[in-house]
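# A closer look at the structure
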Amino acid sequence: MTRSERALLFCLAEEIILHLRNRLAEIENLHPRESALGIATFQERLRHIEELLDGVKKEHERSN
């Protein structure tokens with residue numbers, strides 16, 4: 001994978017995470033009690049994506 005391809009993937013992942021965080025905030029404001037399980041599941045999935053991205057970034061920094 002080229003450096004520019006990797007940079008593009010990082011940007012896309014960060015944009016997706018930002019979008020998901022915004023969506024989560026909307027969900028929490030609309031249905032704070034009724035969908036607690038859905039919110040918790042959504043938060044867990046978002047955390048997992050963020051952890052994966054952080055791991056890839058750290059690996060990338062070590063290789064440069």
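Read on for a plain summary of the structure. (Residues numbered from 1 in each chain as written. Predicted model: local features only at pLDDT ≥ 70, side-chain atom pairs only at ≥ 80, totals over all residues. Heavy atoms only, no water.)

Right, let's talk about the pattern of salt bridges for a bit. For the structure shown, the criterion picks out 4 salt bridges. The salt bridge involving R21 is made with E50; its shortest N-O contact spans 2.5 Å. Here R21, found in helix α1 (residues 3-30), pairs with E50, found in helix α2 (residues 36-63); they are 29 residues apart in sequence, far enough to count as distant. Residue classification places R21 among the partly exposed positions, given a relative accessible area of 45%. (Salt bridge = Lys/Arg side-chain N within 4 Å of Asp/Glu carboxyl O. Helix = DSSP H or I, 4+ residues; strand = E, 2+ residues; numbered from the N terminus. Buried < 20%, exposed > 50% of the residue type's maximum accessible area, 1.4 Å probe, protein only.)

Its 28 residues give α1 an end-to-end C-alpha distance of 41 Å, which sits within 8% of 40 Å, the value for a rise of 1.5 Å per residue. On the buried face of α1, the contacting elements are α2. (Expected span 1.5 Å × (residues − 1). Contact = heavy atoms within 4.5 Å.)

Let us now look at the nonpolar core. The biggest cluster of nonpolar side chains holds 10 residues, and these are F10, A13, I17, L20, L24, I27, I39, F42, L46 and L53. Counting residues per element, this core draws most heavily on α1, at 6 residues. Those residues within four positions of F10 in sequence are excluded, and the remaining contacts are L53, V56, K57 and H60. (Core = buried A, V, L, I, M, F, W, Y, C linked by side-chain atoms within 4.5 Å.)

Before going further, it helps to spend a moment on the side chain of E50. Judged by its relative accessible area of 17%, E50 falls in the buried class. Not counting the four nearest positions on each side in its chain, E50 is found in contact with I17 and R21.

For α2, built from 28 residues, the straight-helix expectation of 40 Å at 1.5 Å per residue is met to within 8% by its first-to-last C-alpha distance of 41 Å. Listed in full, the buried residues belonging to α2 are I39, F42, L46, E50, L53 and H60. For α2, the secondary structure elements touched by its buried residues are α1.

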